[in-house]
Structure formats: structure tokens, C-alpha cells
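# Results of the structural survey
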Amino acid sequence: MTSQILDILTSAAILYVVAAGLLIVFGVMKIINFAHGGFLTMGGYCALATADLGLSPLFAIPISFLFGAVVGMVVERLIVRPLYSRPLDAILATWGLGIIIGQLITLIYDRGVHFVQSPISGAVDVMGESYSQYRLVMLVVAILFGVVLAAVLHGTRLGLMTRAVIMNEDLARGLGIDSGLVRFVTFSLGAGLASLAGTLITPLSSVDPSLGISWLVNAFMLVLVSGSSLVSLGIAAVVLGGAQVLISSYANPVYGSMAIVILAAVLLRVRPQGFAND
Amino acid sequence: MTPALDIKGLSSGYGEALVLRDLSLMIQPGEIFALLGKNGMGKSTLLKTIMGFLPVRQGHIQLAGNRTANLPPYRMARRSVAYIPQEKALFQDLTVLENLKLVMPDTAAIKAELERTARWFPVLQKRVHQRAGTLSGGEQKMLLMVRAMLPKQKLMLIDEISEGLQPSMVDAVSDVLRTERASRDVAILLVEQNVPFVSSVADRFSVLKQGEIVASGSMADADASAVIDRQLSV
Ligand SMILES: Nc1ncnc2c1ncn2[C@@H]1O[C@H](COP(=O)(O)OP(=O)(O)O)[C@@H](O)[C@H]1O
Ligand SMILES: [Mg+2]
């Protein structure tokens, strides 16, 4: 029982971490960034490269975030920005970019599957049951993601401007807000968070060129049912991630792996705004 | 004197369709200029074009003597233009204070402005932490006015602020605008359909019909209201 509750919470936490970057980009730019999967994969390889350099796995955290953010800056300027007025083309472009990132990684490394040593391993005792320490750390990480993003959005001027752009970009522009800058910062931050998430999930999954793809689908569905709200994303991650855990353990893991996509699709059918409150 | 706003031969519209044709007008610093016209004549289109939301197809716009063609809206706002759009002019889910902070980061300056304008808009001071969407229609207009005056811009573009406003509030807005104009050299372009309101505040007027100016004059002219009424009724 305890371990099942922990499974639900930690699965939700991992989903939250993986989808957060995608959600903020969607909120501000109104596009789904399909390169998010590529950025996740990139983060996985950042962890691998850090390990190959013989550095402590903890270094992978800042390295992957910065690497992702810098790649995000370049991508925003060169690929996404010219397509601002053509959102459908922008989405297609990010999709293509995701493929290119996968190909580049295959060129540099290979198609092979790699494993990265976890900085934290082993189990701890939680109410009489032993549980993966790393999964518990992910719970803390997800809460940190939520707290930091909320603090930026609600406690800084950039955050206020970002919320304004999310709500009504034209109005924000008319008041003197450089929404292009807000988009640039958001996309870079989203890419950095995706890459960081890719690093953080490496102890839980192998590193290979398709690392991000499997996560992208679930992250995409979570964003669709959460709109642009980080709180809704948290709720969606717990409910849909929880369903995934329960279906996997009581029915079978194959159904479990499809749970998020199917349940999200059904939810959108009955409640188009999903977990968002308007 | 350099005009605050100088528009010459302006054509603009949406995509291929032109809404404004060869429109010219000039507003001096310290002047309140009313642009009247029935629905669909192109009044809002003109303000959106001045702000840079719509491209200038022909002609030019000068702000205090400088050409502005193709500057994005945020640059226009930073060049000292305050714009109150006709619709969706507030962030409903942000508080009153947050709506104001977007144009002025300094909370003390916001408090001071709310204090200064309290004689017209007393309720706002009590509502600073309330979401703008929870304000009444009239209170939302007060917030719009305060937001437009807060950064002390040189040009204010105001799109049908009196629409749906009760008469006492219309009087308050007129008084505020007159006070504002008297206290500094702000130029105000008022887009309106409310003739009594315009008569009480404006110095000059033009009437827009299907994208072209069909009548202009000074509000002080004896027949100004008659000219406007005639143009608006046909
Ligand atoms: N977003 C838009 N796209 C296309 N046409 C528009 C748009 N907005 C307004 N129009 C058209 O432009 C003309 C002028 O509209 P508008 O400037 O809003 O008039 P007014 O503010 O004087 O009521 C109208 O014929 C209207 O249908
Ligand atoms: Mg209008």
C-alpha cells in the first residue's frame, strides 16, 4: 500500500519534471514544442558525457540545463522566431528539429543503449517498506521545479510580464512589453528544463537516441489537459500518472503505458479544458 | 510647435482589405482631439495602426516629429504612447496592482497615482489586491484610465472609454482628462460615439466615415455639435 502510494507520487513527480518545460513554452508561445523530446534526449546524453569525462554526476545538472538553454536560445532565434506568425509551421519545424537532434546524437554516439551511474542509489525505509531513494529524490525535485517556477512567475517582473503574455499577448505588447523577449527567455528556459529533466531521468531509464520520444507523448497529453497552468499540470500528473501506476499493477503494464494517452483523450472529449479551471 | 501626432495620407487595413484611405490628422501637445464615427467606420483600426498592430500601407505617422512606420507596439508604448483598446483592455486574472505594475514597476508611484486620482476614482484604492475581472464595468474603466495616466505618456489613444459608462462616471472621466491636459502637455486622441462627452472635453474633432474623414472642426464652433450629429445620423 505504502509503496503503491509512493509509486503514484513519484511517477507523477517524474511526469511533472518531464512536462514542465513543454507547458511553459505552450503557455507563452501557444505552440507545442515537439523538439522537447529531442531536448530530453540531449539531457540524457549530457549525463552520459559528464560521466564519460569522469565528473561527478551532480555536475550533469548544471551542465545539462545550461546546454539545453543555449541550444534553446539558438533554436528560438533561428527556427521558431521566423515562424511566429505561422504557428502550424512552427510546430512542424520543432517536430523536424526533434528528428535532427536524434540524428545528430546518433552520429556522435551511436544507436546503442547506454547506462549512466545514478548519483544516488539504493533504497530507504519508508514506513516499514524499502523504497528507491532516487524516486524519492525526484519527488523533491518536482516540488522544487514547481516552487521555483511559481516564484519566478509570481515574484519577479519577468514572471509578471510572462503571465501577461500568456493571458493576452497583444495587450501586453500595447503596454510596452517586449513579448519577443519573453518568448525567447521562455523557450530557452523550457529547453533548459527539458534537458535537465532528461538528465534527471537517466538513472531510471537507459540512454539511447529515442529516450525523449517515449516521454514526449505523455508530456504532450499532460500539457493538453493542463492548459498553461503549473497547478493543473501537477493535478494532471497525479491523476493520470496515478492511473498509469494502478492500471500497470492491477491490469497489465502494456495497458498502463497507454493509460495517460487514452485517459487524457477521453478527458478532453468530456471536458475540453481538461484540468485547467476555465 | 512639433505636433504630438502627425498622420499624413495614411492607408491601412487587414490583409488585402483597406479600411482607412488617405487619412490625415494632426494633434498638438496639450490638445484633446475627438475622432467620431459610427460602428465599423475604422476608428479602432486607426488606433491599432498608430500603435503598430497593423502595418502602414501608405502614408506616414510621426510621433513628436519622428517617423514610426513599422515600429512594433511595445516600442510605441516605450515611445510614450498610452493606448486603451476598446476590448479586452485589462488582464482579468491579474490584480488591479499587477495590471498597473505592468506599465510602472514602482509600487510607491502606483500608490501615489491612486491617491492623486482618488477624487474621481475612489474605489480603486480599496481594490488593489482584487482581480481586475471581479471589478464592475465602471471600475474596470477607472483602472484603464489610471493605467493610461500612470506612466505620464505624451500621447494617449483612448478607444470608446465612455461606452456603457453611467453618466456620473462619464463626467468623472471628462474631468480627469481636462485636469490631465491642464497639468502637462499631453495630447489625447479620443475615439468616441458619445457626442455630449466629446463636446465637454475635446478641442477639435473629425468625423470618420468608411475610412475617410468627412468633417472636421473646432469644438468651440457654434455648429460643432450640429455638424457631428448630422454626420453621425446619415
Ligand atoms: N480583425 C479584423 N479583420 C478584418 N476586418 C476587420 C477586423 N477588425 C475590424 N475589421 C473591419 O474593419 C472595419 C473597421 O472596423 P473598426 O476599425 O473596428 O471600426 P470602428 O472602431 O469604427 O467601429 C469594419 O468593416 C470591420 O469589419
Ligand atoms: Mg471600434
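Residue numbers run consecutively from 1 along every chain, following the written order of its sequence. Lettering of chains starts at A and numbering of ligands starts at 1, both following the order in which they are written. Whole-chain, interface and lining totals are the exception, using all residues; otherwise, since this is a predicted model, local features are given only for residues with pLDDT of at least 70 and side-chain atom pairs are given and counted only at 80 or more. Note: side-chain values were computed over all heavy atoms of the structure, leaving out hydrogens and water.

Attention now goes to the nonpolar core. In plain words, nonpolar cores are sets of buried Ala, Val, Leu, Ile, Met, Phe, Trp, Tyr and Cys residues tied together by side-chain atoms within 4.5 Å. Exposure is judged per residue with a 1.4 Å probe applied to protein chains only, and the accessible area is read against the type maximum: over 50% gives exposed, under 20% gives buried, and values in between give partly exposed. Ranked by internal contacts, the top residues of the largest apolar core, which has 91 residues, are Phe 39 of chain A together with Leu 36, Phe 121, Met 145, Met 156, Leu 177 and Phe 205 of chain B. Each helix is a run of DSSP H or I of at least 4 residues and each strand a run of E of at least 2, with the numbering of both proceeding from the N terminus. With seven residues, the single largest contributor to this core is helix α6 (residues 137-149) of chain B. Delimitation of the domains relies on an automatic or database domain assignment. Both domains that furnish three or more residues to this core are identified here as domain 1 (1-80 + 152-234) and domain 2 (86-151) of chain B. Contact criterion: two residues are considered in contact whenever any of their non-hydrogen atoms come within 4.5 Å of each other. The contacts of Phe 39 of chain A, once residues within four sequence positions are left out, are Asn 33, Val 71, Val 75, Leu 97, Ile 101, Phe 187, Ala 191, Ala 194 and Ser 195 of chain A.

Residue and element names in this part refer to chain A. Pairs were defined over the aromatic rings of Phe, Tyr and Trp, the Trp ring being its six-membered one, requiring ring centres within 6.5 Å. Orientation was assigned from the angle between planes: stacked under 30 degrees, edge-to-face over 60, tilted for the rest. Taken as a whole, this structure holds four aromatic pairs over all chains when the rule is applied. Ring centres 6.3 Å apart and planes at 80° place the aromatic pair Phe 39 and Phe 187 in the edge-to-face group. With Phe 39 in helix α2 (residues 36-52) and Phe 187 in helix α8 (residues 179-200), this pair connects stretches of sequence that are 148 residues apart. No difference in accessibility class separates Phe 39 from Phe 187, as the two residues are buried.

A word on the interface of chain B and chain A. Between chain B and chain A, the residue contacts involve 19 residues of the former and 16 residues of the latter. Accessible area that two parts lose when put together, with a 1.4 Å probe and added across both, is what the buried area reports. When the buried area of chain B at its contact with chain A is split by residue, Tyr 74, Phe 91 and Leu 102 of chain B rank highest and sum to 36% of it. Salt bridge, as used here: a side-chain nitrogen of Lys or Arg that lies within 4 Å of a carboxyl oxygen of Asp or Glu. Here chain B is connected to chain A by one salt bridge. Across the salt bridge formed by Arg 163 of chain A and Glu 98 of chain B, the nearest N and O atoms sit 2.9 Å from each other.

Another aspect to go through is the coordination of the magnesium ion (ligand 2). Residue and element names in this part refer to chain B. In this listing, donors mean N, O and S atoms no farther than 2.8 Å from the metal, or 3.2 Å for Na, K and Ca; water is missing from the atoms, so a site can look incomplete. Distances from the magnesium ion (ligand 2) to its protein donors, Ser 44 (OG) and Gln 86 (OE1), fall within 2.0 to 2.1 Å. One end of the pair, Ser 44, is in helix α1 (residues 43-51); the other, Gln 86, is in the loop between β6 (81-84) and α3 (96-101), with 42 residues separating them in the sequence. Overall, the relative accessible area of 30% leaves Gln 86 in the partly exposed class.

Before going further, it helps to spend a moment on the site of ligand 1. All names here are of chain B. Any residue with at least one heavy atom within 4 Å of a molecule or strand is counted as near it. Every residue near ligand 1 is listed here: Tyr 14, Val 19, Lys 38, Asn 39, Gly 40, Met 41, Gly 42, Lys 43, Ser 44 and Thr 45. Nitrogen and oxygen atoms within 3.5 Å of one another constitute a polar contact, given that in protein one can donate a hydrogen and the other can accept it, and given that sequence-neighbouring residues count only through two side-chain atoms. One nitrogen or oxygen atom from the side chain of Tyr 14 is found 3.2 Å from a nitrogen atom belonging to ligand 1. Each accessible area value is a Shrake-Rupley result obtained with a 1.4 Å probe; residue values ignore everything except the protein chains displayed when judging cover. Protein contact buries 56% of the 560 Å² of open area that ligand 1 shows by itself. Ranked by the residues each element gives to the shell around ligand 1, the list is headed by α1, at three residues. When grouped by side-chain class, the residues that make up the shell around ligand 1 number three nonpolar, five polar and two charged. The classification used treats Ala, Val, Leu, Ile, Met, Phe, Trp, Tyr, Cys and Pro as nonpolar, Asp, Glu, Lys and Arg as charged, and all other residues, Gly among them, as polar.

This next bit is on the sheet that holds strand β10 (residues 212-218) of chain B. Residue and element names in this part refer to chain B. The strand order β6-β7-β8-β3-β9-β10 describes an open sheet built from six strands, whose pairing is mixed. Two strands lie at the open edges of the sheet, namely β6 and β10, each paired on one side alone. Recorded for the sheet is a direction-independent mean angle of 15° between the axes of neighbouring strands. The criterion for strand pairing is that DSSP finds at least two bridges linking the strands in question. Examined bridge by bridge, strand β9 (residues 204-209) and β10 share six bridges and lie antiparallel to one another. Residue Leu 208 lies in a different strand from β10, and its bridge partner there is Ile 213. Contacts from α6 reach β6 and β7 (155-159) within the one sheet, and its direction differs from that of β6 by about 170°. The angle between two axes is taken between their N-to-C directions and runs from 0 to 180 degrees, where each axis is a line fitted to C-alpha atoms and a helix contributes only its stretch in contact.

All names here are of chain B. On the basis of which strands lie adjacent, the open sheet formed by four strands has the order β2-β1-β4-β5 and antiparallel pairing. The open sheet has two edge strands, β2 (17-27) and β5 (66-67), and neither has a second partner. Relative to strand β4 (residues 58-63), strand β1 (residues 5-14) is paired through five bridges, and the arrangement is antiparallel. Paired with Leu 5 across the bridge in β4 is Leu 63. Set on the sheet, α1 makes contact with β1, β2 and β4; between it and β1 the angle comes to about 110°.

This brings us to the domain arrangement of chain B. Residue and element names in this part refer to chain B. What the domain assignment reports for chain B is domain 1 (1-80 + 152-234) and domain 2 (86-151). Just the C-alpha atoms count here: the centres of domain 1 and domain 2 sit 23 Å apart. Contact with domain 1, which involves 18 residues of that partner, is made by 15 residues of domain 2. The contact between domain 1 and domain 2 buries some 1500 Å² in all, and 61% of this surface belongs to carbon and sulfur atoms. For the interface between domain 1 and domain 2, the tally reads two salt bridges. The salt bridge involving Arg 116 is made with Glu 180; its shortest N-O contact spans 3.1 Å. The tally of links from domain 1 across to domain 2 stands at nine residue pairs in polar contact (both at pLDDT 80 or more). Mapped onto the side of domain 1 that touches domain 2, the elements with two or more residues apiece are β7 and α7 (167-183). Broken down by element, the side of domain 1 that touches domain 2 gets its largest block of residues, eight residues, from α7. Its residues placed into classes, the side of domain 1 that touches domain 2 shows eight nonpolar, three polar and seven charged.

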